[in-house]
Amino acid sequence: MDFPKFLLGDNTDYPDAIFIVHTEYPRFILNLENDEVEWLEDFDAADEKELASEAEGLIQQATDFYDREISRYED
């Protein structure tokens, strides 16, 4: 099954949180309520260097995705 690169998620146990799930490597969940990121991959020291350089761009893509999705609801 193919998944989109980003998914929106919510949960009634976290009424103020909106989650963005990044489904491609490196997979992560971003909580827009507090900007916490939970990585769903195990990284070694070499991976962490690469991740540090990519993380900012990936998180920006996730927030851009959220803004795009919300604008579509408003239309």
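This structure is a prediction, so every number in the text was calculated from the model and none was measured. (Residues numbered from 1 in each chain as written. Predicted model: local features only at pLDDT ≥ 70, side-chain atom pairs only at ≥ 80, totals over all residues. Heavy atoms only, no water.)

1. Some words on the sheet that holds strand 1 (residues 6-9)
Okay, so step 1: As summarised here, the arrangement of the 4 strands in space is 1-2-3-4, forming an open sheet in which the pairing is antiparallel. With one partner strand each, in any of the chains shown, strand 1 and strand 4 (36-39) form the two edges of the open sheet. For this sheet, the mean angle separating the axes of adjacent strands, direction not counted, is 20 degrees.
Okay, so step 2: Bridge count for strand 3 (residues 28-31) against strand 4 is 4 bridges, and the pairing is antiparallel. Bridged to N31 within strand 4 is E36.
Okay, so step 3: Lying on the sheet, helix 1 (residues 45-74) is in contact with strand 1, strand 2 (19-22), strand 3 and strand 4; it crosses strand 1 at an angle near 60 degrees. (Pairing = 2+ DSSP bridges. Helix = DSSP H or I, 4+ residues; strand = E, 2+ residues; numbered from the N terminus. Axes fitted to C-alpha atoms, helices over the stretch in contact; angles between N-to-C directions. Contact = heavy atoms within 4.5 Å.)

2. Concerning unusual backbone geometry
Okay, so step 1: Residue P26 is reached from Y25 by a cis peptide bond, and omega for that bond is -10 degrees.
Okay, so step 2: Structurally, P26 can be placed in the loop between strand 2 and strand 3.
Okay, so step 3: Unusually for a residue other than glycine, D35 sits at a positive phi of about 60 degrees.
Okay, so step 4: As for its position among the elements, D35 is in the loop between strand 3 and strand 4.

Geometry only, nothing functional implied.
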